[in-house]
Amino acid sequence: MIAAVDHVQLAAPAGAEDALRAYYVGILGMTEIPKPPTLAARGGCWFQAGPVQLHLGVEETPAGGGKCCCRAARKAHPGLRVVDIEAYAELLAARGATITWDADLPGHRRFFSYDPVGNRLEFLERDHPFG
């Protein structure tokens, strides 16, 4: 039986770790957590805020030197619940994030933002958290 989501894995190209740290730590306010040594050798980085973990894993370049296969999904995304969404959106915008509000989910306030490698992130808060 499934009990909870442990983490969400997003893709990133090799060498993007510093840009990802700037966004996830510097803009979103998450904390970088260490990867196990056997996984750290693969590149990428992991972040946490409370019980929420986002893992950014490196997509390898195909053998033979082809184009990088790392491509952020246009529709897929983690949905992150936030508290005081207006203030959080203002904070992210002040730190340089692009915020796009969306009113299409009834009973929620939500916006989208993109990390430096193009991963889409949804931030949402229920209109009536206790109702």
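The preceding data block contains the structure.
The paragraphs below set out a description of the structure included in this document.

Thresholds applied
Residues numbered from 1 in each chain as written. Predicted model: local features only at pLDDT ≥ 70, side-chain atom pairs only at ≥ 80, totals over all residues. Heavy atoms only, no water. Helix = DSSP H or I, 4+ residues; strand = E, 2+ residues; numbered from the N terminus. Buried < 20%, exposed > 50% of the residue type's maximum accessible area, 1.4 Å probe, protein only. Contact = heavy atoms within 4.5 Å. 1 Å grid on protein atoms, 1.4 Å probe; cavity = no way out; pocket = protein on both sides within 12 Å on 5 of 7 lines; lining within 4 Å. Points joined across faces, edges and corners; volume = space filled by probe spheres on them. Nonpolar A, V, L, I, M, F, W, Y, C, P; charged D, E, K, R; others polar. Phe/Tyr/Trp six-rings, centres within 6.5 Å; stacked < 30°, edge-to-face > 60°. Lys NZ or Arg CZ within 6 Å of the ring centre and 35° of its normal. Salt bridge = Lys/Arg side-chain N within 4 Å of Asp/Glu carboxyl O.

### A few points about unusual backbone geometry
What is expected of a backbone is that most residues other than glycine have negative phi and most peptide bonds are trans.
Here is step 1 of the chain: For Asp-84, which is not glycine, the phi torsion reads 60° and is therefore positive.
Here is step 2 of the chain: Note that Asp-84 resides in the loop between strand S5 (79–81) and helix H3 (85–94).

### Some details on the environment of His-108
Here is step 1 of the chain: As for its position among the elements, His-108 is in strand S7 (residues 108–114).
Here is step 2 of the chain: The buried category is assigned to His-108, whose relative accessible area is 19%.
Here is step 3 of the chain: When the C-alpha positions of His-108 and Arg-126 are compared, they lie 4.3 Å apart, and in sequence the two are 18 residues distant.
Here is step 4 of the chain: Those residues in contact with His-108, other than ones at most four positions away along the chain, are Arg-81, Leu-124, Glu-125, Arg-126 and Asp-127.

### With respect to the layout of surface pockets
Take a probe with the size of a water molecule and roll it over the atoms, and the empty space left behind shows itself.
Here is step 1 of the chain: By volume, the largest pocket is sized at about 360 Å³.
Here is step 2 of the chain: In this structure, the largest pocket is lined by 20 residues; those nearest its centre are Ala-49, Val-52, Gly-79, Leu-80 and Arg-81.
Here is step 3 of the chain: Looking at the lining of the largest pocket, the elements with two or more residues in it are strand S4 (52–59) and S5.
Here is step 4 of the chain: Broken down by class, the residue content of the lining of the largest pocket amounts to 14 nonpolar, 4 polar and 2 charged.

### As for the packing of aromatic side chains
Here is step 1 of the chain: Under the defined criterion, the tally for this structure stands at 5 aromatic pairs.
Here is step 2 of the chain: Seen from their ring centres, Tyr-24 and Phe-47 are 5.0 Å apart, and the 15° between their planes marks the pair as stacked. Of this pair, Tyr-24 sits in helix H1 (residues 17–27) while Phe-47 sits in strand S3 (residues 45–49), and the two are 23 residues apart along the sequence. Each member of the pair, Tyr-24 as well as Phe-47, is classed as buried.
Here is step 3 of the chain: Members of the aromatic cluster, each reached through a chain of ring pairs, are Tyr-88, Trp-101, Phe-111 and Phe-123.
Here is step 4 of the chain: In this structure, Arg-109 is placed above the aromatic ring of Trp-101, and the distance from its NZ or CZ to the ring centre is 4.2 Å.
Here is step 5 of the chain: Directly above the ring of Phe-112 sits Arg-120, whose terminal nitrogen or CZ lies 3.9 Å from the centroid.

### Observations regarding the pattern of salt bridges
Here is step 1 of the chain: One pass over the structure, following the stated rule, counts 5 salt bridges.
Here is step 2 of the chain: Between Arg-110 and Asp-102 there is a salt bridge, with the nearest N and O atoms lying 2.8 Å from each other.
Here is step 3 of the chain: Under the relative-accessibility criterion, Arg-110 is labelled buried at 14%.
Here is step 4 of the chain: When salt bridges that share partners are traced, they join Asp-18, Arg-21 and Glu-32 into one network.

It is worth stressing that arrangement in space is one thing and function is another; only the former is reported here.
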